[in-house]
Amino acid sequence: AGVEAYLRRLYYELAIATNPHAVASVLQLAGPEHLLYGSDWPALDETDVQGLIQVLDSNPLLQPDDRARIERQNALELFPRLQPGATAC
């Protein structure tokens with residue numbers, strides 16, 4: 001199937017790569033359904049985390065549904081035990 005087909009199946013985390021150029025590249029490759037946001041806290045302080053979230057939230061390439069997927073829904077689909085009401089294994 002080729003390398004690109006396999007790369008499209010991976011999930012990508014955007015912790016410190018929230019700028020529009022980085023997001024555009026990975027969006028083109030994998031789409032919003034394969035992106036996750038992790039803050040890298042406590043490695044980054046709270047002020048830096050808030051700034052990165054603001055950059056992500058203001059990205060004109062992302063619709064509100066895309067941001068909801070990146071910020072929460074994709075992680076819940078990958079890790080169903082994190083769903084509200086799920087029981088721990």
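What you are looking at is a predicted structure, and each value in this text was computed from that prediction instead of being measured. Residue positions within a chain follow its written sequence, with the count starting from 1. Side-chain atom pairs in this predicted model are given and counted only at pLDDT of 80 or more, local residue features only at pLDDT of at least 70, and totals for whole chains, interfaces and linings cover all residues. Excluding hydrogens and water, the side-chain values take into account all heavy atoms of the structure.

Draft legend 1. Quick peek at the overall build of the protein. The helix and strand labels rest on DSSP assignments: H or I over at least four residues marks a helix, E over at least two residues marks a strand, and numbering proceeds from the N terminus. From N to C terminus, the protein includes four helices and two strands. Ordered by position from the N terminus, the helices and strands of the protein form the series α-β-α-β-α-α. Taking the principal axes of the C-alpha coordinates as reference, the protein spans close to 40 × 35 × 25 Å. Burial status across the protein gives 26% buried among its 89 residues. Sequence separation of 24 or more characterises 50% of the internal contacts of the protein that already satisfy a separation of 6 or more. Positive charges come from Lys and Arg alone, negative charges from Asp and Glu alone, with His and the N- and C-terminal ends not counted. Where a charge sits is defined by one atom per residue type, namely NZ (Lys), CZ (Arg), CG (Asp) or CD (Glu). When the 6 basic and 12 acidic side-chain charges of the protein are each reduced to a single mean position, those positions are 10 Å apart. Relative accessibility under 20% of the residue-type maximum defines a buried residue, over 50% an exposed one, and the middle range a partly exposed one, all with a 1.4 Å probe and only protein chains included. Residue contacts are defined here by distance: any two heavy atoms, one from each residue, within 4.5 Å place the two residues in contact.

Draft legend 2. How the structure looks around unusual backbone geometry. Here the bond from Trp41 into Pro42 is cis, since omega is 15°, no more than 30 degrees from zero. With respect to the element layout, Pro42 can be found in the loop between strand 2 (35–36) and helix 3 (46–57). Even without glycine at this site, Asp40 takes up a positive phi of about 65°. Checked against the element boundaries, Asp40 lands in the loop between strand 2 and helix 3.

Draft legend 3. Layout of helix 2 (residues 20–30). All of the buried residues in helix 2 are Val23, Val26, Leu27 and Ala30. What you see down the axis of helix 2 is that its buried residues fit within an arc of 110°, all on one side. Exposed side chains of helix 2 directed beyond 90 degrees from the buried face belong to His21 and Gln28. Against the buried residues of helix 2 lie helix 1 (3–9), strand 1 (12–13), strand 2 and helix 3. Throughout this description, a polar contact denotes any pair of N or O atoms lying within 3.5 Å of each other; where both atoms belong to protein, one of them has to be capable of donating a hydrogen while the other can accept it, and for residues adjacent in sequence the pair is counted only when both atoms sit in side chains. The N-cap of helix 2, judged by a side-chain oxygen 2.9 Å from the amide nitrogen of His21 a few residues on, is Asn19. Gly31 occupies a position one or two residues after helix 2 and carries a positive phi of about 80°. What the arc measures is the spread of directions leading from the helix axis to the C-beta atoms.

Draft legend 4. Quick look at the nonpolar core. Residues belong to one nonpolar core when they are buried, are Ala, Val, Leu, Ile, Met, Phe, Trp, Tyr or Cys, and are joined through side-chain atoms within 4.5 Å. Membership of the largest hydrophobic core is limited to eleven residues, which are Leu14, Val23, Val26, Leu27, Leu35, Tyr37, Val49, Leu52, Leu56, Leu62 and Ile70. For this core, the secondary structure elements donating two or more residues are helix 2 and helix 3. Not counting the four nearest positions on each side in its chain, Leu52 is found in contact with Ala15, Ile16, Thr18, Tyr37 and Leu44.

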